[in-house]
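# Chains, contacts and geometry: an overview
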Amino acid sequence: MPALTDLLETLASRGEPAGADVVVARARAMVAAIPVTETIEPRRRARRARRASLVIVAVAAVVAIVVPVAVLRRSAHEPASSLQTHVSTPGTVVLPEVAPATAAQLATFRWSTVASPPTDMEIGTATWDGHELIIFGPGNTSEHRGVAAAYDPTSNRWRRLPPSPLVEVETDWISAVWTGRQLVVAQGDHATTIGRVVMSSYDPLANRWRAYAAQMMCAGVKPTLTWTGTIVVVTTGDRLQGEACGGAAPNAAHGFDPVSGRWSSLPELPLQPGEYLDTVSTTRALGGVVALMRWVRSDTTAPGTTTPSTAPGSTTTVATPSGASTGHNLHWGERALLLAAGAQQWTPVPHVVLRGMATPFGDDARLVVPPRVEQCPFGAFCGGSLGTEVGFVANRDGSTVPLAATGGDPYVAPDLVAFTGDALVAVVRPDTTIPDCVAATCSEPRAVAWDLTSGHFVALASPAVGSFDAVWTGRELIAFAPEKTPSGGNAVVAVRLGP
Amino acid sequence: MATDETALAALYSPLRRFAAVVADARADPDDLVQESFARVFARGGLDGIDDPLAYLRRVVLNLAHNERRRSQAAQRALARHGATAESEPVAYPSDLAELLRLDARSRALLYLTELERASIAEAAEIVGCSEGAARMQLSRARRRLRDLLEREDDDDARTH
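All values reported here derive from a predicted model rather than from experimental measurement. (Residues numbered from 1 in each chain as written. Chains lettered and ligands numbered in written order. Predicted model: local features only at pLDDT ≥ 70, side-chain atom pairs only at ≥ 80, totals over all residues.)

### Regarding the overall build of chain A
Where we set the bar: A run of DSSP states H or I qualifies as a helix once it reaches four residues; a run of E qualifies as a strand once it reaches two. Both are numbered from the N-terminal end. To sort residues by burial, count the other C-beta atoms lying within 10 Å of each one's C-beta; a count of 20 or more means buried, 12 or fewer means exposed, and anything in between means partly exposed. C-beta atoms are built from the backbone. Any two residues are considered in contact once their C-beta atoms, placed from the backbone, lie within 7 Å.
The helix and strand tally for chain A stands at five helices and 32 strands. Residues counted as buried form 44% of the 499 residues belonging to chain A. For chain A, restricting intrachain contacts to residue pairs at least 6 apart in sequence, the fraction spanning at least 24 positions comes to 55%.

### Overview of the overall build of chain B
Helices and strands together make up the secondary structure of chain B, namely seven helices and zero strands. Along chain B, helices and strands appear, N-terminal first, in the series α-α-α-α-α-α-α. Burial analysis of chain B (160 residues in total) assigns 43% to the buried set. When contacts within chain B are restricted to residue pairs at least 6 apart in sequence, long-range pairs at least 24 apart make up 65% of them.

### Structural notes on the nonpolar core
Rules: Only buried residues count toward a nonpolar core: Ala, Val, Leu, Ile, Met, Phe, Trp, Tyr and Cys, linked into one set through C-beta atoms within 7 Å.
Among the nonpolar cores identified, the biggest contains 104 residues, and Val290(A), Leu424(A), Val425(A) and Ala449(A) are the most heavily contacted of them. Looking at this core element by element, the count peaks at seven residues for strand β16 (residues 288-299) of chain A. Of all hydrophobic cores here, the second largest spans 55 residues; its members include Leu11(A), Val40(B), Leu53(B) and Ala123(B).

### Some remarks on the packing of helix α5 (residues 104-115) of chain B against helix α6 (residues 120-127) of chain B
Residue and element names in this part refer to chain B. Cut-off, in case you're wondering: Between N-to-C directions, angles cover 0 to 180 degrees, with each direction set by a line fitted to C-alpha atoms, over the stretch in contact for helices. For this classification, under 35 degrees means roughly parallel, over 145 means roughly antiparallel, 65 to 115 means roughly perpendicular, and everything else is oblique. The sense of a crossing depends on the near helix, which, turned anticlockwise from the far helix by less than a right angle, makes the crossing left-handed and, turned clockwise, makes it right-handed. For this classification, Asp, Glu, Lys and Arg are treated as charged, while Ala, Val, Leu, Ile, Met, Phe, Trp, Tyr, Cys and Pro are nonpolar and the rest, including Gly, are polar.
Where α5 contacts α6, the axes come no closer than 9 Å and their chain directions differ by 140°. The orientation of α5 with respect to α6, classified from their angle, is oblique. The two elements α5 and α6 cross, and the hand of that crossing is right-handed. Within the contact between the two elements, α5 uses Arg 105, Ala 108, Leu 109, Leu 112 and Thr 113 and α6 uses Ile 120, Ala 123, Ile 126 and Val 127. Residue composition of the contact of α5 with α6, grouped by class: seven nonpolar, one polar and one charged.

### Brief notes about unusual backbone geometry
Positive phi values are uncommon outside glycine, yet Asn207(A) reaches one of about 50°. By secondary structure assignment, the location of Asn207(A) is in the loop between β8 (196-203) and β9 (208-211). Despite not being glycine, Arg117(B) shows a phi value in the positive range, around 55°. For Arg117(B), the position within the fold is in the loop between α5 and α6.

### Quick look at the sheet that holds strand β11 (residues 224-227) of chain A
Residue and element names in this part refer to chain A. The condition is simple: Here a strand pair is declared whenever DSSP counts at least two bridges between the two strands.
As summarised here, the arrangement of the four strands in space is β11-β12-β13-β14, forming an open sheet in which the pairing is antiparallel. If you trace the sheet from one side to the other, it starts and ends with β11 and β14 (263-266), each paired once. Across the sheet, the mean angle from the axis of one strand to that of its neighbour is 30°, orientation sign disregarded. With four bridges connecting them, strand β13 (residues 253-256) and β14 associate as antiparallel partners. Paired with Phe 256 across the strands is Trp 263, a residue of β14.

### Brief notes about the sheet that holds strand β5 (residues 157-160) of chain A
Residues and elements named next belong to chain A. Taken together, the four strands give an open sheet; going across it, the order is β2-β3-β4-β5, and neighbouring strands pair in antiparallel fashion. The two strands at the open ends of the sheet, each matched to only one other strand, are β2 (125-128) and β5. For this sheet, the mean angle separating the axes of adjacent strands, direction not counted, is 25°. Bridging between β2 and strand β3 (residues 133-136) involves four bridges; their strand directions are antiparallel. Note on β3: the bridge partner recorded for Thr 125 is Phe 136.

Right, dumping it as structure tokens:
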């Protein structure tokens, strides 16, 4: 069987290139040869401009009347926003009791298949509500949009949920969190370029969805949600390179109250001058909300220049070329930040220097950052993987425990990670950049579990399929993987790691 | 304007390789590159584009996608009238033909991650999807390709 890279190289080199000068000249000639539209265009533009100005005047008049009235009415009823009221103290969160499992216990478990989800589903999110695993599909294709289902491990049965009211939202930027009473779902809206996050919630007792008003945010990437006990903390990355999105600051964090449906502003994620927020991921840990964030800065520093970051907790950065013609180079780095209960600002997590982004886990005693390959965020620009596995546990007493590397290449990139309270489970797969990765042996995933006290890992039984999302229920780990149906369609299989 | 032309000429080579990967078997990669350059000229040049190569790759991918859709619609229309397309299908070695059976976005993701060593996040941004969707699509593409190639190996073994 040929190596995939050879095939791709052959494909990339196919045909006889016409040459840069020829193609540029032809393109220039193409544009020059459109006189008809150019003569018609000014009149069309004038008509469009007249129509647009009428619409703008009408909208401005409505906004000028309605908005001040709405703001006055809202401020009369709303208490002053304070972080103290948002981040609840430990112990007040109403969440299902989920029994922990140690790495040693997990090592005795075996994988088995369970009933498959409905055939028209893809997995966007999977959330455990204490009784059922609720899954929600991504909405990037019309047939999957708004589809949700719930799995009961006791009966090994699925039930289809009513469709989400937000079926018109086209997105695979989707996240969900369980609040103890309802599943809150956030969808970053693909259709808007200015950034909009729409929220809905599902109440399993009433078997009913509720839709809320959208919030303008920099929804350039998947939103992340963390339940504090009173509000959902909503943050998103910003792939718009620092531009304000719908009036929201690119590094804004918001609080969402699913009971009242109201949004509030939380302290902004701290950035130094010239930096913008690239990606962010949050979790409840260390007595507050922890955010792992990557910042990026663009300047004309020569490639390869090392610059110590001025911000606490930030890594030293190296300028990498971002484009042949702009002359601008990129610096990037990551920070781990804590928004403690009652705090008015995010502060660096002590003793933690983050290298690379990951989805964190945690509880009030610790923050768990799963092992992942330390990567350059700009792939081709700086050589892709930097090749180091880095993961750790940061305890509330200030101590940190590194998580042991799983053996280096090729097993480096976790397909899924799940937190069982006392252990961290990951299904790791080979580094797909190795040349013959289409070979069958190269695609086999394997599972490991780290003991969070020692940082050592034990090998678990190998799963039969690669997985993309997994949830610990207190008794077993349930994971999902995409599959092809015999007719060539897409389906999802569910597997279980349990006693 | 001359600066734009120089900048575009510098991007020709990597863009042509990308176009050759994502283009339909019948399409000439240079046509896609030329069309994408024309779009840049039509919008008034490269001003305001932070990363011209990423921008042009996105345009090329969209053009390839549109071209494929147009071509399929034309074939369906011809089939309805009992006719066939005039041009003969381009004959590629079977391994390449299997690769070309994947959709353009999957080929783009494979190319960016395998040959250009882009991270999945970077590749996802270029093709315009989320990292999760890219990861899933890559996995499906690899699996599909492996299945196709293995089936072909089996057929070869049976033949010999």
